Amino acid sequence: MFNFKYPAVMFAICTVLTGCNDGSGFTPTLKNDTSELSSAVVDAAQRNMAQDAGSTIEAFLQEGVNASPAGEQVTNLIDGNSATKYLAFDGKATIVFSSVKPFELKGYNFISANDEPKRDPMNWVVFGSNDKSEWVEIDSRSNEAFEFRGLTRSFVIEEAAEYQHFKFEMMHGGTDSYGSNILQLAEIQLMVVSDVPLVEFIATNTTPAMDELVVFKDESLVNPTSWKWTFEGGTPETSNEKSPLVKFSSLGAKSVTLVAANDKGESTLIKEDYIRVWDENEPWKGFENPSVTFERKQPTHSGQVALERVMPDLESVIQDISLKIAKRLFDNVTQINTFESVTFITDEYDFPAAKGGSDKHMELMFDLNHIANLESQGDDALREEILGVLWHELTHGYNNSPKTGQYITGTDYHTYLESLANFIRIEAGFYEHARANITWVKDYNEDAYNQTSFFLEWVVKSHRNIDFIKQFNASAKILEEWSFDLAFKHIFGEARGIDTVFSEYIQYLSDEKGIMAPFTTPVEGYQNISIEEGVLVTTNATHIGIWDEGPDKLIDNNINNKFNALIEAPWWVAEYAASLLPIADVSSVYADFILPEAKIVEKYSIATAKDNEIRFPSRWDVYGSHDGLTWTLIDTQNFSELPQLSTTYTFDVQTPDSYTQVRFDFYNERTGDQIGGDEGRLVQIGEIALLIKE
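Residues numbered from 1 in each chain as written. Predicted model: local features only at pLDDT ≥ 70, side-chain atom pairs only at ≥ 80, totals over all residues. Heavy atoms only, no water.

(A) The arrangement of the overall build of the protein chain in detail. The number of helices and strands found in the protein chain is 10 helices and 37 strands. Counting only C-alpha atoms, the protein chain reaches 95 × 65 × 60 Å along its principal axes. Across the 694 residues that make up the protein chain, the buried fraction comes to 53%. The averaged location of the 107 negative side-chain charges in the protein chain is 5 Å from the averaged location of its 54 positive side-chain charges. (Helix = DSSP H or I, 4+ residues; strand = E, 2+ residues; numbered from the N terminus. Buried < 20%, exposed > 50% of the residue type's maximum accessible area, 1.4 Å probe, protein only. Lys, Arg positive; Asp, Glu negative; His and termini not counted. Charge placed at Lys NZ, Arg CZ, Asp CG, Glu CD.)

(B) Expanded view of the packing of helix H5 (residues 412-428) against helix H7 (residues 468-478). The N-to-C vectors of H5 and H7 enclose an angle of 150°; their axes lie 12 Å apart at closest approach. The angle between H5 and H7 falls in the class roughly antiparallel. Crossing of H5 over H7 shows left-handed handedness. In this structure, H5 contributes Tyr416, Leu420 and Phe423 to the contact, and H7 contributes Ile469, Phe472, Asn473 and Ala476. Of the residues that constitute the contact of H5 with H7, the class distribution is 6 nonpolar, 1 polar and no charged. (Axes fitted to C-alpha atoms, helices over the stretch in contact; angles between N-to-C directions. Parallel < 35°, antiparallel > 145°, perpendicular 65-115°, else oblique. Left-handed = near helix turned anticlockwise from the far one by under 90°. Contact = heavy atoms within 4.5 Å. Nonpolar A, V, L, I, M, F, W, Y, C, P; charged D, E, K, R; others polar.)

(C) Region of interest: the nonpolar core. The biggest cluster of nonpolar side chains holds 74 residues, and the ones touching the most others in it are Leu390, Phe455, Phe468, Phe472 and Phe488. Looking at this core element by element, the count peaks at 8 residues for helix H4 (residues 379-398). Ignoring anything within four residues of it in the chain, the contact list for phenylalanine 455 reads Phe488, Ile498, Val501, Phe502 and Tyr505. (Core = buried A, V, L, I, M, F, W, Y, C linked by side-chain atoms within 4.5 Å.)

(D) Spatial organisation of the pattern of salt bridges. With the rule as written, the count across this model stands at 39 salt bridges. A salt bridge links glutamate 295 to lysine 297; its shortest N-O distance comes to 3.4 Å. Overall, glutamate 295 belongs to the partly exposed group, its relative accessible area being 34%. A salt bridge links glutamate 480 to lysine 403, with the shortest nitrogen-to-oxygen separation between them at 2.9 Å. Here glutamate 480, found in the loop between H7 and helix H8 (484-492), pairs with lysine 403, found in the loop between H4 and H5; they are 77 residues apart in sequence, far enough to count as distant. Overall, the relative accessible area of 55% leaves glutamate 480 in the exposed class. Note on lysine 403: relative accessible area 17%, which makes it buried. Taken together, the shared-partner salt bridges in this structure form one network comprising Arg328, Asp331, Glu427, Asp467 and Lys470. (Salt bridge = Lys/Arg side-chain N within 4 Å of Asp/Glu carboxyl O.)

(E) Geometry of a nonpolar patch on the surface. Residues Ile546, Trp547, Trp571 and Tyr576 make up a contiguous nonpolar surface patch of roughly 470 Å² in combined accessible area. Mapping tyrosine 576 onto the fold places it in helix H10 (residues 571-576). (Patch = residues over 30% accessible without salt bridge, like charges linked within 9 Å, V, L, I, M, F, W, Y side chains within 5 Å. Areas by Shrake-Rupley, 256 points an atom, 1.4 Å probe, with all protein chains shown as cover.)

(F) Up close: the sheet that holds strand S17 (residues 234-235). Reading across the sheet, the 4 strands line up as S14-S15-S19-S17 and stay open at both edges, with antiparallel pairing between neighbours. Each edge of the open sheet carries a strand with a single partner, namely strand S14 (201-203) and S17. As judged from the 2 bridges shared by S17 and strand S19 (residues 245-248), these two strands associate in the antiparallel manner. Counterpart to glycine 234 in the pairing with S19 is phenylalanine 248. (Pairing = 2+ DSSP bridges.)

(G) Spatial organisation of the sheet that holds strand S24 (residues 353-357). Here 4 strands make up an open sheet; going across it, the order is S22-S23-S25-S24 and the pairing mixed. This sheet does not close on itself; its edge strands, each paired only once, are strand S22 (291-296) and S24. In this sheet, adjacent strand axes meet at a mean angle of 20° when their direction is disregarded. As paired elements, S24 and strand S25 (residues 361-367) share 5 bridges and run antiparallel to each other. Across the sheet, residue glycine 356 finds its bridge partner in S25, namely glutamate 363. Those strands touched by helix H2 (residues 314-329) are S22 and strand S23 (341-347), and its axis lies near 135° from that of S22.

(H) Fine view of unusual backbone geometry. In this chain, threonine 235 is followed by proline 236 through a cis amide linkage whose omega measures 0°. Inspection of the secondary structure puts proline 236 in the loop between S17 and strand S18 (238-239). Located in the positive-phi region is glutamate 116, a residue other than glycine, with phi close to 50°. In this structure, glutamate 116 sits in the loop between strand S7 (107-111) and strand S8 (121-129). At valine 222, a residue that is not glycine, the phi angle is positive and equals roughly 65°. Considering the arrangement of structural elements, one finds valine 222 in the loop between strand S15 (214-218) and strand S16 (226-231). The exposure class assigned to valine 222 is partly exposed, which follows from its relative accessible area of 22%.

(I) Highlighting the packing of helix H6 (residues 448-462) against H7. At a minimum axis separation of 9 Å, H6 and H7 run at an interaxial angle of 120°. Judged on the interaxial angle alone, H7 and H6 are oblique. Residues Leu456, Val459 and Val460 of H6 form the contact with H7, whose own contacting residues are Phe468, Ile469 and Phe472.

(J) Local environment of the side chain of aspartate 218. Positionally, aspartate 218 belongs in strand S15. The side chain of aspartate 218 sits in the buried core without any salt bridge; lysine 242 is the nearest counter-charge, 4.9 Å away. Among the polar contacts made by the side chain of aspartate 218, one reaches the side chain of serine 220 at a distance of 2.5 Å. Sequence-distant contacts of aspartate 218, defined by excluding residues within four places in its chain, comprise Glu200, Phe201, Pro224, Trp227, Trp229, Lys242 and Leu258. (Polar contact = N/O pair within 3.5 Å; in protein donor to acceptor, adjacent residues only side chain to side chain.)

(K) Main features of helix H9 (residues 498-513). Over its 16 residues, H9 runs 21 Å from end to end, which matches the ideal 22 Å to within 8%, given 1.5 Å per residue. Within H9 the residues assigned to the buried category are Ile498, Val501, Phe502, Tyr505, Ile506 and Leu509. Down the axis of H9, the buried set is contained in an arc of 145°. They therefore lie on one face. Of the exposed residues in H9, the ones pointing more than 90 degrees away from its buried face are Asp499 and Asp511. Residues of H9 that are buried sit in contact with H6 and H8. Following H9 by one or two positions, glycine 514 adopts a phi angle in the positive range, close to 70°. (Expected span 1.5 Å × (residues − 1). Arc of directions from axis to C-beta.)

(L) Expanded view of the packing of aromatic side chains. Overall, the coordinates contain 53 aromatic pairs when judged by the stated rule. When the ring of tryptophan 458 is compared with that of tyrosine 508, the centres are 6.1 Å apart and the planes differ by 35°; the resulting orientation is tilted. Of this pair, tryptophan 458 sits in helix H6 while tyrosine 508 is found in helix H9, placing the two residues 50 residues apart along the sequence. With a centroid separation of 5.2 Å and an interplanar angle of 20°, the aromatic rings of phenylalanine 468 and phenylalanine 472 are classed as stacked. Residue phenylalanine 468 and its partner phenylalanine 472 are located together in helix H7, separated by 4 residues, close to a single helical turn. (Phe/Tyr/Trp six-rings, centres within 6.5 Å; stacked < 30°, edge-to-face > 60°.)

Quick look at the structure:
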């Protein structure tokens, strides 16, 4: 007997069934790459045999390599759930799958996991064996790429004998954005010709009222001759008809099971929460609260004691917030992801809080040390922090996920999920401490958690004639190709895409809040050539580019993005940025501007950054050069007093001439607390503008 949980059954006849949305917000709807099936339209239905009862899977890594983190073990590859994944702390892994009997493998599917594309398999070889000793190569791939997260890619095997064991030797795509060598994959599906039914069914109405009749229709392949239906809460509860007539007398989500059989055997398909029985007059009646369990890893920890003191009602709070979030995002109970459980785990972690689990079962991890540290701020502050995290994370349990995109910072997909969750937190009143940090950003993807979430709040308040958030959430389910621009045009019309609406928000910040773009103050009659294409900036000093504070920030047209360079290393470099040691032996910091062609710079401006004024230069010399070897002094200036934060200071060049290179030689000769010795001596600048006549 073969058991399938919707949508694990795969049909290799013209189409491939896609997976359910991951309601957690971290794994997109599966999309399918059918390009590699064009020459392989098979003459029989195929099924994924990787989930057959009795099958096993193992992972083999380099000796001494830590295998997998908790919850991301190799068995996730065949659990039928693309929201889970296998992760190996290594760039290479060997996966060995053993079936219950020999099969001729017709092909296999890989489903990419939920983050970091560099962790996807890029090169691999597939082997078959009947004794796990002698292996025969049956397929190999190189330079493969997964365009999206949660993407199903199908690979056809032209010819292969029957084997009981299959080995995948895989290598990842390279070091990820965190500098780690990690391999990950959500699912492996092993496709074989099926001689038993491939089960599928539909219903005439999946959102009936109580006691409304629903017709179920079998659409299974491979000629089933008998059927056994089970209807949760249905009348009848079971049926052996091919197309039974059923009614449901209680509200809520109902699962349906069909066992279809022929003379070769039987298969089972379970569609969880397939039927949503509801009352049109009471659209939220029948809402199912998620169950809540607690895992107290250190029950006597001071953070655990504080948590239980300020949140004695945590279970009821989680359930109350869940219903409120569902009502905020949807119109009725039939539209929601039926989110079943929350496991609240407390322990010592390297992060304040994190979310794991799947679309049905959330795991929330809280760091006990973070809770203990917050205790000093008082019980109210501690409770507000926990509530705020709950509003954000539980939103991921219910919101729709876009059908296209990747969960990567700076992309529309990531920004949608995190800005929507934090908007819900803002609206609930548990993110007010961040309101003071609203600032200008160049685009809506720059800061999802903060700036974009407050942008969504502005959209809601400035477009009260519609329920924007519900429509925004609905667009992720409706639109086959999703982006902020397509979503906004879907809601507001073709003339009001994201660029138009976001520019109105930026204008609102300027007009109503006095929040201006962080450009250097312009000078009438002059243009800034620093930000033109082809201009390069270098420095002689060790800089903090590893924290995105390198010389390129001098010309990014944003005074809030700062350049930081070291004259004397402060104490924290050895502890937090040891790769910078030993620092360059310099007494001053050069900022050398290399221009595409010679220009006469008649003025320049220096914009201070928004913090650490003791790092601002005390004096500087400006030089010009044609070759980078011979330099001519063209100006000398200083800050006689400590300059103001985030301010542009403009200076005339004393002896302007045409040069291809301009050097600023900055000194920081300030004295006092936190300057010099272990506190270090740095030069920090927000932006430099080179000004020529228009």
